[in-house]
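Per-entry structural report
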Amino acid sequence: MADRFDQTLHFIDAVEKAQTTEEVEQCLLEFAAGFGFTSVFGGIVPMKPIPLAEVPSRIVFQALPEGWAKRYNESGHVFRDPVVAHLLRERVPFSWSEAYDASSDCESVHLIRGEASEFGLKDGYVVRIYTLEGSLAAVSFGGPNKVADVGELASLNFAASYALGSHLHRQAMRKRLTNTLTPREHDCLLWAGEGKTDWEISIILGISRSTVLKHIASARDKLGAVNKAHAIATALRIKLLG
């Protein structure tokens, strides 16, 4: 129990330090490996049919065996996957096997289960997550072994929710702040992040040093930072700069 708790704390710290979605995905994949899973797939679940071309925009995590993601996405498997259908009905975490067994669409079960197995994904585990906006999201873990007891995977539920929630929070904050920061505030913060002094920034942008200070102070307040260094670190963490 203590080891699992320490692993969870380490996972939280790693996610907080992650700079990209790919790094968050890797943190989640490494945590899931402790339970025997080798893949992770997650994002916002469409509640009604959408064009196949819109599916990629809803995907957040996609660490899958080479070739399987391409086949799954391009074939539109998401629209007939018994696991996705079960997700829309079931409110608690479940295994892929439970979804297959509960499905009446034997043809789809045979297709999806068979093709996934070809890529070493014989069973998996799905965590259902609601966003603050009310959208349904989910994270699905897959692996080569049968899921024995979903009740033993409570910490994986937390990890999935935390990782996806962290990503969506950063994405929303980045979008909000991108629309809030003025171009000059962004540029001043960007050059400050490059290590330029206030005076050097004023020369680069052709404005006075006092104006540079005003823009950085405004950006700091909008980011909720206590000082310039904190503002730069916050902006870098949510990838507002670069």
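This text follows the structure it describes.
Summarised in this report is the structure supplied together with it. The structure displayed is predicted, hence computed values, not measured ones.

Moving on, we get to the sheet that holds strand 1 (residues 39-44). Here five strands make up an open sheet; going across it, the order is 2-1-5-4-3 and the pairing antiparallel. Each of the sheet's edge strands pairs with one partner strand only, and the pair in question is strand 2 (59-63) and strand 3 (94-95). Two elements, strand 1 and strand 5 (residues 136-143), share six bridges in a ladder whose sense is antiparallel. Pairing of V40 across the sheet is with F141, part of strand 5. The strands that helix 2 (residues 21-33) touches are strand 1, strand 2 and strand 5; relative to strand 2, the one it contacts most, it runs at about 55 degrees. Strands in contact with helix 4 (residues 82-89) are strand 3, strand 4 (123-130) and strand 5; relative to strand 4, the strand with the most contacts, it is inclined by about 35 degrees.

Counting across every chain of the model gives nine salt bridges. Two residues, K228 and D198, come together in a salt bridge whose shortest N-O distance is 3.2 Å. Placement of K228 in helix 11 (residues 228-237) and of D198 in helix 9 (residues 198-205) is noted, with a sequence separation of 30 residues between them. A relative accessible area of 30% means that K228 is categorised as partly exposed. The exposure class of D198 is buried, given its relative accessible area of 12%. Of the charged contacts, one joins D221 and R220 as a salt bridge, the two residues approaching to 3.4 Å between their closest N and O atoms. Connected through salt bridges with shared partners, the residues R71, E115 and E118 form a single ionic network.

Across the eight residues of strand 5, eight count as buried, placing the element largely inside the fold. One ladder, built from eight bridges, connects strand 4 with strand 5; its direction is antiparallel. Bridge pairing in strand 5 places D123 opposite G143.

If you walk through the whole model with that rule in mind, you get one cavity of 30 Å³ or more. Considered as a void within the structure, the largest cavity measures approximately 460 Å³ in volume. In terms of lining residues, the largest cavity is bounded by 31 residues, among which F41, Y72, D81, V84 and S140 are the most central. Of the residues assigned to the lining of the largest cavity, the class counts are 23 nonpolar, six polar and two charged.

Glancing now at the pairing of strand 4. Of all the eight residues making up strand 4, seven are buried; the element is thus mostly covered by neighbouring parts of the structure. In terms of strand pairing, strand 3 meets strand 4 through two bridges, oriented antiparallel. Bridging across to strand 4, S95 finds its partner in Y125.

All right, on to the packing of helix 8 (residues 183-193) against helix 10 (residues 209-223) then. Orientation of helix 8 relative to helix 10, taken along the N-to-C sense of each, is 95 degrees, at an axis distance of 8 Å. Considered as vectors, helix 8 and helix 10 are oriented roughly perpendicular to each other. Here R184, E185, C188, L189 and A192 of helix 8 come into contact with helix 10, specifically with V212, H215, I216, S218, A219, K222 and L223. For the contact of helix 8 with helix 10, the class distribution of residues is seven nonpolar, two polar and three charged.

This paragraph deals with the layout of surface pockets. Vacant regions in the atomic arrangement are exposed by a probe of water-molecule size rolled over the atoms. Roughly 480 Å³ of volume is contained in the largest pocket. Together, 21 residues line the largest pocket, and T131, E133, L168, H169 and Q171 are the ones closest to its centre. Breaking the lining of the largest pocket down by element, the ones donating at least two residues are strand 2, strand 4 and helix 7 (154-180). Here the lining of the largest pocket takes ten residues from helix 7, the largest share from any one element.

Quick notes on the rules
Residues numbered from 1 in each chain as written. Predicted model: local features only at pLDDT ≥ 70, side-chain atom pairs only at ≥ 80, totals over all residues. Heavy atoms only, no water. Pairing = 2+ DSSP bridges. Helix = DSSP H or I, 4+ residues; strand = E, 2+ residues; numbered from the N terminus. Contact = heavy atoms within 4.5 Å. Axes fitted to C-alpha atoms, helices over the stretch in contact; angles between N-to-C directions. Salt bridge = Lys/Arg side-chain N within 4 Å of Asp/Glu carboxyl O. Buried < 20%, exposed > 50% of the residue type's maximum accessible area, 1.4 Å probe, protein only. 1 Å grid on protein atoms, 1.4 Å probe; cavity = no way out; pocket = protein on both sides within 12 Å on 5 of 7 lines; lining within 4 Å. Points joined across faces, edges and corners; volume = space filled by probe spheres on them. Nonpolar A, V, L, I, M, F, W, Y, C, P; charged D, E, K, R; others polar. Parallel < 35°, antiparallel > 145°, perpendicular 65-115°, else oblique.

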